[in-house]
Amino acid sequence: MSTSQGPSEMTPLEIMAVEKELAELADQIKAHDAAYYQNDAPNVSDADYDALRQRNDALEKLHPDLVRDDSPSKRVGAVAADGFGKVTHSQPMLSLGNAFSTDDMADFTDGVRRFLKELSDDEMLPLELVAEPKIDGLSISLRYEDRTFVQAATRGDGTTGEDVTANILTLKQLPKQLPADAPDVLEVRGEVYMSKPDFQKLNNMQEKAGDKVFANPRNAAAGSLRQLDVSVTAGRALSFFIYGVGDTSTPLSDTHWGVLQKLRDWGLPVNPKTQVCADGAAADAYYEDLNDSRAGLDYDLDGIVYKVDRLDWQDRLGAVSRAPRWAIARKFPAEQATTVLKEIDIQVGRTGSLTPVARLEPVTVGGVVVSNATLHNEDYISDKDIRIGDTVVVQRAGDVIPQVVRVVTDKRSTDAKPYTFPDTCPECDSRAVREEGEAKRHCSGGLVCPAQAIERLKHFVSRDAFDIEGLGGKHMETFLKDGLVKSPGEIFKLTEQDLAGRDGWGEQSAKNLLAAIEDRRTIALERFIYALGIPQVGQATAKLLAHRYGSLGAWRTAMIAAHVHGSEAYGDLVSIDGIGDAMARDLIAFFDEQHNLDVVAALEEQLDVQDFVAPDVSDSPFTGKTMVFTGALEAMSRGEAKARAEGLGAKVAGSVSKKTDYVVVGADAGSKAKRAAELGVTVLSEAEWLEMSGQS
Ligand code: IVH
């Protein structure tokens, strides 16, 4: 889709396409955010995640009027997860701007000096900064009332976090009581983390027990703290450092450094590496020092936070877009190491995307042993000419999944093997197809691929598809896990015996479910098509297909025949207004797979898929006719005209052929009007169309 034109020049169909893509991006980004923040298990590489966000930003910039209320660009961090109580922070928990170089740091201090007039007027006035290691964990706010610990909350979206009081109480470092000179109300802010050795120990244990292995210490810390079962947190080694305060009933000091000293005196853990830097040169020296020594620290650092020391200046500087002007995070470059790539495996995601993963000779990168790293996609491997047996540079930075960055070509051995990316799915052997403009291949065996099975089954029973009362996504997960339902057709073979004695299923609820399933044995063709979960085939497309082909049998025959490019069946398919080449390819790919045909056949045995019933419009002059709209109409948009024509029993096509009965010509109609004249197809003006359709 082109994004080079503004909304005003766009056709309704193009607007719909942008809306659809924005909706999909919002969904995908939300799912990735949830995986990362709420389930503590990222399921895409940072590069892929960033690409989604960038695409979303680019589309929103071009189409500001299409920005969704739930747009990812309007969210910071993640919303609090269900299951924990919510805590509204008395003062927002902010994030930080980033600096990546000495120049960026100079820009930061210059900016602060300019903002505080007396500093820019008097070059001799020092700007002292407190430098603190930036730990890669998760931020936490601890509240003390009358010197007693009362509540702990995560950052959440910065305004509202999760109540993790019970979990924090299991941390040995936590002072539950503060001394008498502490204020009545004190909220402290800090970072909970897992040390590198504790992370390795935990992952070894998880692996032995066959449980989830965490991608990095940050995820392990988050996953360990955010446990509804507090005994799990208690069994995990978590630590924390405090780096500041939120709400306080009385000010603690005039300087940030002074505040930290008090906190430390009261027994709160303040990082001993915290230091005051008298000027920019001292700040740079601190950075060099810590960067050199960080691999030897027992926790992950992703940079240094510099904060203006004087609190009156902090107040005056304030914050812009949720980041304070008085602080900045200087990031470290990613940590790298060299190792040998032993093998490349393909991982199939829940939506069918194929990701190549490098199996490595284990190597320590920044204190963590890495044996797997992402290779992103097939172009990444070929562009960098990565071969099996190569010596490669591996990188990990903070949260990011480790990645192979390049080959050390000097060390390439003669038997290093170039890699051929598979064109079939390693999980189910279906064809793996790569669409134009897409970086990743996708497995086309949606309904049979075990990697995708759960998403497809959830889609199959979802509200707009089969909508089986009492059968939700969670049930499908357990049914699949237990081997009770492996493909959609098996839902309709469930018996009372299958459900008897299963957790959560009593006699009555089992009866109800079977009755609800029975109820759906008769299904409308468009719902059936939608439920199959063919890529790009949403509800609107399913309806178009049902309308055009009428019955399951006719549709299937036509899709199989459309396999031959240039065939009449292919021409018919792409002549449907709203179906283009890319969608046609996905439909054909689906019917090219024998196992998809088997799934459809298995469903057909169980179901009564009803033919599409056209609205009763037998007295309309357009009933059963094929129409094409071209040029701009004055009275209505093309989308509306199309909907009206369909409502009157017509089929609306996107291009003119011998089969076209009417072409409605609006202003500035181009080649379609000409073609209609050539073929002798009846041409209607807008006024004639309005009159014949009873709208004038
Ligand atoms: S100050 C007022 N100091 O970094 C600004 N944050 O990128 C609030 N972090 O959400 C943060 N060490 O989780 C601050 N010494 C430190 C920090 C630190 C780690 C984290 C914190 C924050 C994130 C912002």
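Residues numbered from 1 in each chain as written. Predicted model: local features only at pLDDT ≥ 70, side-chain atom pairs only at ≥ 80, totals over all residues. Heavy atoms only, no water.

Q: What should I look at first to understand the overall build of the chain in this one?
A: Across its full length, the chain holds 25 helices and 28 strands. Based on the C-alpha atoms only, the size of the chain along its principal axes is roughly 90 × 65 × 65 Å. Each of the 696 residues in the chain was classed as buried or not, and the buried ones make up 48%. Excluding contacts between residues fewer than 6 apart, the proportion of contacts in the chain whose partners are at least 24 apart in sequence is 67%. Each charge class in the chain can be summarised by its mean position, and for the 77 positive and 110 negative side chains these summaries are 2 Å apart. (Helix = DSSP H or I, 4+ residues; strand = E, 2+ residues; numbered from the N terminus. Buried < 20%, exposed > 50% of the residue type's maximum accessible area, 1.4 Å probe, protein only. Contact = heavy atoms within 4.5 Å. Lys, Arg positive; Asp, Glu negative; His and termini not counted. Charge placed at Lys NZ, Arg CZ, Asp CG, Glu CD.)

Q: What's the story with the pattern of salt bridges in this structure? I'm lost.
A: Note that side chains of opposite charge can pair when their charged atoms are close. Evaluation of the coordinates by the stated rule reveals 36 salt bridges. Here arginine 310 and aspartate 312 are joined by a salt bridge, their closest N and O atoms 2.7 Å apart. Linked by salt bridges that have partners in common, Arg143, Glu145, Glu187, Arg189 and Asp247 make up one network. (Salt bridge = Lys/Arg side-chain N within 4 Å of Asp/Glu carboxyl O.)

Q: Help me understand the site of the ligand, please; the structure alone is not making it clear to me.
A: Among the 14 residues in the neighbourhood of the ligand, the closest are listed as Glu132, Lys134, Ser139, Glu191 and Lys307. Here an oxygen atom of the ligand and a side-chain polar atom of lysine 134 are 3.2 Å apart. Take glutamate 191: an N or O atom from its side chain is 2.5 Å from an oxygen atom of the ligand. Expressed as a share of its isolated accessible area of 520 Å², the protein-covered part of the ligand is 87%. Mapped onto the shell around the ligand, the elements with two or more residues apiece are β3 (129–135) and β10 (301–308). (Near = heavy atom within 4 Å. Polar contact = N/O pair within 3.5 Å; in protein donor to acceptor, adjacent residues only side chain to side chain. Areas by Shrake-Rupley, 256 points an atom, 1.4 Å probe, with all protein chains shown as cover.)

Q: Hey, could you run me through the nonpolar core in this one?
A: A general tendency of soluble globular proteins is for nonpolar side chains to be buried together. Core analysis: the biggest nonpolar cluster contains 60 residues, and Ile468, Ile491, Phe528, Leu545, Trp555 and Leu573 have the highest contact counts within it. If you tally residues by element for this core, the top one is helix α21 (residues 581–592), at six residues. When residues no more than four places from it in sequence are discounted, the contact partners of leucine 545 are Ile529, Val537, Gly550, Trp555, Leu573, Ile576, Ile579 and Leu587. In this structure, Ile140, Leu142, Leu178 and Leu202 belong to the second largest nonpolar core, which totals 36 residues. (Core = buried A, V, L, I, M, F, W, Y, C linked by side-chain atoms within 4.5 Å.)

Q: Help me out: how do you make sense of the sheet that holds strand β28 (residues 682–685) in this one?
A: In sheet architecture, strand pairing relies on hydrogen bonds along the backbone and comes in two forms, parallel and antiparallel. Judged by pairing direction, the sheet is parallel, and its four strands sit side by side in the order β26-β25-β27-β28 without closing on themselves. Among the strands making up the open sheet, the edge pair consists of β26 (651–653) and β28. For this sheet, the mean angle separating the axes of adjacent strands, direction not counted, is 30°. Alignment of strand β25 (residues 626–630) against strand β27 (residues 662–665), held across four bridges, turns out to be parallel. Bridging across to β27, phenylalanine 629 finds its partner in valine 664. Where helix α24 (residues 671–679) meets the sheet, its contacts fall on β25, β27 and β28, and the angle it forms with β25 comes to roughly 140°. (Pairing = 2+ DSSP bridges. Axes fitted to C-alpha atoms, helices over the stretch in contact; angles between N-to-C directions.)

Q: Looking at this structure, how should I read the confidence of the model for the chain?
A: Close inspection of predicted coordinates is inappropriate for parts of the model with low pLDDT. Mean pLDDT over the chain works out to 87, with 93% of the residues at or above the 70 mark. Low pLDDT, under 50, characterises residues 76–81; the stretch is placed with 16 contacts to residues that sit more than four places away or in other chains. (pLDDT = per-residue confidence, 0-100.)

Q: Explain the packing of helix α19 (residues 552–561) against α21 to me, please; I cannot follow it from the model alone.
A: The description of two packed helices rests on the angle between their axes and on the distance between the axes. With their axes 9 Å apart at the nearest point, α19 and α21 run at an angle of 100° to one another. Of the possible angle classes, the one that applies to α19 and α21 is roughly perpendicular. Only Leu587, Ile588 and Phe591 of α21 make contact with α19, whose side of the interface consists of Trp555, Arg556, Met559 and Ile560. Each residue belonging to the contact of α19 with α21 can be placed in one class, and the counts come to six nonpolar, no polar and one charged. (Parallel < 35°, antiparallel > 145°, perpendicular 65-115°, else oblique. Nonpolar A, V, L, I, M, F, W, Y, C, P; charged D, E, K, R; others polar.)

Q: Hey, could you run me through the sheet that holds β10 in this one?
A: Strand order in the open sheet formed by five strands is β2-β13-β10-β3-β9, and the pairing between neighbours is mixed. Only two strands of the sheet have a single partner each, and these edge strands are β2 (98–99) and β9 (275–277). Examined bridge by bridge, β3 and β9 share three bridges and lie antiparallel to one another. Its bridge partner being in β9, alanine 131 is matched across the sheet by glutamine 275. Taken strand by strand, helix α3 (residues 102–115) contacts β2, β3, β10 and β13 (327–331), and its axis lies near 175° from that of β13.

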